[in-house]
Amino acid sequence: MSFLLVQALSGLATAATLFLVSSGLTIVFGVTRIVNFAHGSLCMIGAYLGWSLIERFGGSVGGFWGSVALASLGAGALGAAMEVGLLRRLYRSPELFQLLGTFGVVLVAQDAVAWVWGPEDLMGRRAPGLKGSVDILGQPFPLYDLVLIGLGPLVLGLLWLLFTRTRWGVLVRAATQDRDMASALGVDPARLFTGVLFLGSALAGLGGALQVPREAVNLHMDMAMIVEAFVVVVVGGMGSLTGAFLAALLIGQLQAFGILVFPQITLVLVFLFMAVVLVLRPHGLMGRAEDAPPAAAAAAPVLRLGNRGGWIALALLALLATAPLLVGDYAVIVLTEMVILALFAASLHVLIGLGGLVSFGHAAYFGLGAYGAALLVRHLGAPMPLALAAAPLVAGLGALIAGWFCVRRSGLYFAMLTLAFAQITWSVAFQWSGFTGGDNGLLGIWPSAWASGKAVYYWLTLALCAGALALLRRAAFAPFGYALRAGRDSALRAESVGIDVRRHQWCAFALAGSAAGLAGGLYAFAKGSVFPTLMAVSVSVDALVMILLGGVQTVSGPLAGAALFHLLESQVMRATDLWRLLLGLTIVALVLLFPRGIVGVLSNRRERS
Amino acid sequence: MTPPAPHTPSDPLLRVEGLQVWYGHAHILTGVDLTVGRGEVVALIGRNGAGKTTTLKAIMGLAESRRGNVTFDGRPIGTLPPHAIARLGLGYVPEDRRIFADLTVDENLEVGRQPPRPGAPHWTPDRLFALFPNLAAMRGRRGTRMSGGEQQMLTLARTLMGNPTLLLLDEPSEGLAPIIVRQMADAVRRLKAEGLSVLVSEQNTSFAAAVADRASVLEKGQVRWSGRMADLMADEAVRRTYLAV
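For chain B, an unreviewed UniProt entry supplies the name ABC transporter ATP-binding protein and the organism Azospirillum griseum. Reading the Sequence similarities (unreviewed entry) entry of the UniProt record for chain B gives the comment "Belongs to the ABC transporter superfamily."

Looking at an unreviewed UniProt entry, one finds chain A named ABC transporter permease and attributed to Azospirillum griseum. Per its UniProt entry, chain A bears the Sequence similarities (unreviewed entry) comment "Belongs to the binding-protein-dependent transport system permease family. LivHM subfamily." Under the UniProt heading Subcellular location (unreviewed entry), the entry covering chain A gives this text: "Cell membrane".

Structure representation (C-alpha cells):
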C-alpha cells in the first residue's frame, strides 16, 4: 500500500514538471495558433543554463532558487527573440511551414547547445535544504519532489490570476479569440505575442531548470520533452491550461504505474493513451472545436505534366540508367539513396500535396518497410525479392491501422496523431530489443548474390522506384487523385457532391505508407542494416524538408527536392560536424524566403513571364 | 456664421481619396472618395455587395491590400496597422459584432479601453452603462450568453471605451428587432450630440435618414452620388438607380 502511495507521489512530481512545460506550450499555441517545436529546446536550454548557474551560485538556498529563476528568464528571452525573428512572419503561413520553421530552430539549438556545453550528460547539484527525504508510511520520499508537487498547482493558480485578473491577461485572451478585432481596438498584437512567447518559454525554461537536481541534463531532453508536452497539450485540449494540468496528472500517473506493469512499452503506453483520448474526445479533455478551417498545405493545383514533361521524365530516367557506366561506385551509392529518397518524398507528397494532410510521422512507414524486410531476412531467412515484396505490404498494413485513427482528424491534430504513431513504432523498435535488436539495430541485411553489385542494385532500385512513382503519378491524375484534392480544398463541398473524403484520405494514407515502405525496404538492403533512427522524427522532417525544397504544388517538386537534399546532406556532412545547425538555418531561411518552395518559385516566374 | 457647403467640409476629419482594395484577384473597391467633417454623421449607403464593409475595413487598416490616400485629422493613415489607427482616435464597430465570446461584458470593455483623448468625450464603464442600461445588468456575463441586440450594444460600448473622435459603424441595424434599431438610432444621435463624428454604413435608408447629415452612395466599388441626406431622400431617381433592389 505504502509503496503504491509513493509511486503515485512520484507520478505527481513528474506531472508537475510536465505541467510547467506543457502550460507554456499550450499558452503559446492558444494565442499564436502555432505548435512550437522549439519549446522542448527552450526547456533544454533552461536546464543547461540552470545547471551552469547552479554549479556557480547554487550553494545557498537563495543562490539555488535565484539560478532557477534566472535560467527561466533566459529561456523566456530566447523565446521572445524567436517570436520577433521567426514566428511573427509565419502567423499567416500554412501550418507545414510553421512546424518546419520551428523545427529548424530545434536543429540549430541542438548543435548550439552541444557546442557550448559539450556532448556529455551533466549531473547537477541537489537543492540546498531539500537534499533529504521524508518518511511516508515507512517509505522514503525525496523532499525536493514534494516541493515540485506543490509547485504545479501554485503555477496553475498564478497563471489563472494572470489571465483573469490583469489587463494583460484579458488582452491576451481577447487576441486569442480574434486577433484582428483586438488590433482594431488599439491592441498591438505583435507586442502582445512577444510577451506571450516570453511567458511560455520562461515556463519551459523553469520546467527544465527544476529538473537539474533530479536527473542528468542531456542533449535528448529537447525531443523527449516536446513529445511528452505535445501529448499533454493534445490530451488536455490545445490551448487549455486546466486541460494541460489534468492531462499532466493523468500522464504522470500512467508513467509511474505503467513502468510497474509494462516496463517494456512505457513509451507506447503514453501514445496509445493519447490516440484513445483523441478518438473518444476529438478536441481533448477540455478543448473546444476549432472553427478555423485547417490551412491547406497548398491550395494551388497540382498540374498535369504536359507532353514535354513526359519526355523530360523519360530522358531523365534514361540518363539515370546510364549513370553507373559513367561514374564511380561512391557516386552510384549516393544515386541509389537519392532515388530511394525521391520515392519516399513523393509518397509523402501524396498526403500533403494531394490530400492537404501534413504528416509529421511519415518515417514510421519508411521504417516499417525497412524493418519488415530486415526481420524477414533475420528471423525467417527470406531471400531479398520476398523481403522487398513484403516491405510495402507491412508498411501498408501499418498505415492502414494508423490511418484509420489519423484521418478522423485534420490539420494540427492530424499532424500530432501521425507523430504519435511514428513514436509508437519507434519505441517498439527501440525497446523490444529481443525481436528488433533495439538500439543496436539489425545488421547484415545484404542483397541476394545476383544483385550484390552496386550498379545492379542501383538499376533494381531505379526500376522499382520509377515503377512506383509512375503508379503514384497515375493515382494523382485518376479520379481518386481529383477526389483527394477536392477533399483538400473543401471537405464540405466534396462531401456534398458524394465524395467520401475520409475514405479517400484513408486510402491515400495506406498508398503513401506502402510506397514509403518500398523505399524503406530498398534502403535496408542498400545500407545492409536497419536502426530505430530510421523512424525518428528527424527522418519524417527530412522528408518534409525535401518537399518544401521542391515545392508542394507540383508532382515533380518532391523528386527535385529529394535529390537536392541528399546531395547537400552527403556533401555537407563530410565537410562539417555542424550539419544540423546548417540544416536548421537552411530550413528557417527556406520557410522565410520561399513559402512556395523552389519549384513553386520557378513556375511562378514562368507564369508571370 | 454661414454653414459649410453641404458636401465638402473645408477641413474634414476624415478624407478618403481613390481608395482601392483587392481580395486576391478580385478588385473590390475601384476608387472610393469621401469625407467626414467634424461633428458630422455621414451615411455610406449602397446595395449588398457594393463595398460598404470593405470601405470601412480598409479605412481601419484591416483590408489585405489597399491603395489610395486616407487622412485622419490631417495625418495620412493609409499604411498604418489597425492598432495604430485605432490609437489615433478611430473607433471601428464591425457588422458581425465580433464580441470576445469567452470574455465577460466588463472584460470586453477593458479590451477597448484607451487613455482619455483631448477633444473627444471620455467614456467609462459607468457612463456607458447609463447609455446602454441593458448592459449594466449583465456585467459579469459572457458574450456567448447575450442576444444579438445586446451584443450590438456591447460592440458599440467596447469601441467607445477607446474614446474615439470618429466612429466607423458598420450596418448597425442589420438583423436587429425594430425596437433595438430605434435604440441604436437614439444612441447614434446622442453620440453626435457629445461631439463625435460618425461614418455609418447602411442598407436601411430609413435608419440612415434618422441619423445622418450627409450621404455617400456606393455602387460597384465607387461613390456615385454624394450630398445631403435630406436631398437623397427627396430624389427618388437617384435612389432607384443606386439603391432599389
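### A look at the overall build of chain B
Broken down by element type, chain B carries ten helices and ten strands. The C-alpha radius of gyration computed for chain B amounts to 17 Å, which stays within 12% of the reference 18 Å derived for 245 residues, consistent with globular compactness. The principal-axis extents of the C-alpha atoms in chain B amount to approximately 50 × 45 × 35 Å. Looking at chain B as a whole, 54% of its 245 residues qualify as buried. Summarising the internal contacts of chain B: among those between residues at least 6 apart in sequence, 71% fall at separations of at least 24.

### Structural notes on the interface of chain A and chain B
Contacts between the two partners involve 19 residues from chain A, matched on the other side by 22 residues from chain B. Together, Arg167, Met181 and Leu185 of chain A form the three largest contributors to the area buried by chain A at its contact with chain B, with a combined 32%. Inspection of the chain A/chain B interface yields three salt bridges. Of the charged contacts in the structure, one is a salt bridge between Arg167 of chain A and Glu110 of chain B, with a shortest N-O distance of 2.8 Å. Summed over the shared surface of chain A and chain B, the result is nine residue pairs in polar contact (both at pLDDT 80 or more). At six residues, the largest contribution of residues to the side of chain A that touches chain B is made by helix α6 (residues 167-177) of chain A. Its residues placed into classes, the side of chain A that touches chain B shows nine nonpolar, four polar and six charged.

About the criteria used
Residues numbered from 1 in each chain as written. Chains lettered and ligands numbered in written order. Predicted model: local features only at pLDDT ≥ 70, side-chain atom pairs only at ≥ 80, totals over all residues. Heavy atoms only, no water. UniProt positions renumbered as here; feature names shortened; annotations may be inferred. Helix = DSSP H or I, 4+ residues; strand = E, 2+ residues; numbered from the N terminus. Rg over C-alpha atoms; globule rule 2.2 N^0.38 Å. Buried < 20%, exposed > 50% of the residue type's maximum accessible area, 1.4 Å probe, protein only. Contact = heavy atoms within 4.5 Å. Buried area = accessible area lost by both parts, 1.4 Å probe. Salt bridge = Lys/Arg side-chain N within 4 Å of Asp/Glu carboxyl O. Polar contact = N/O pair within 3.5 Å; in protein donor to acceptor, adjacent residues only side chain to side chain. Nonpolar A, V, L, I, M, F, W, Y, C, P; charged D, E, K, R; others polar.

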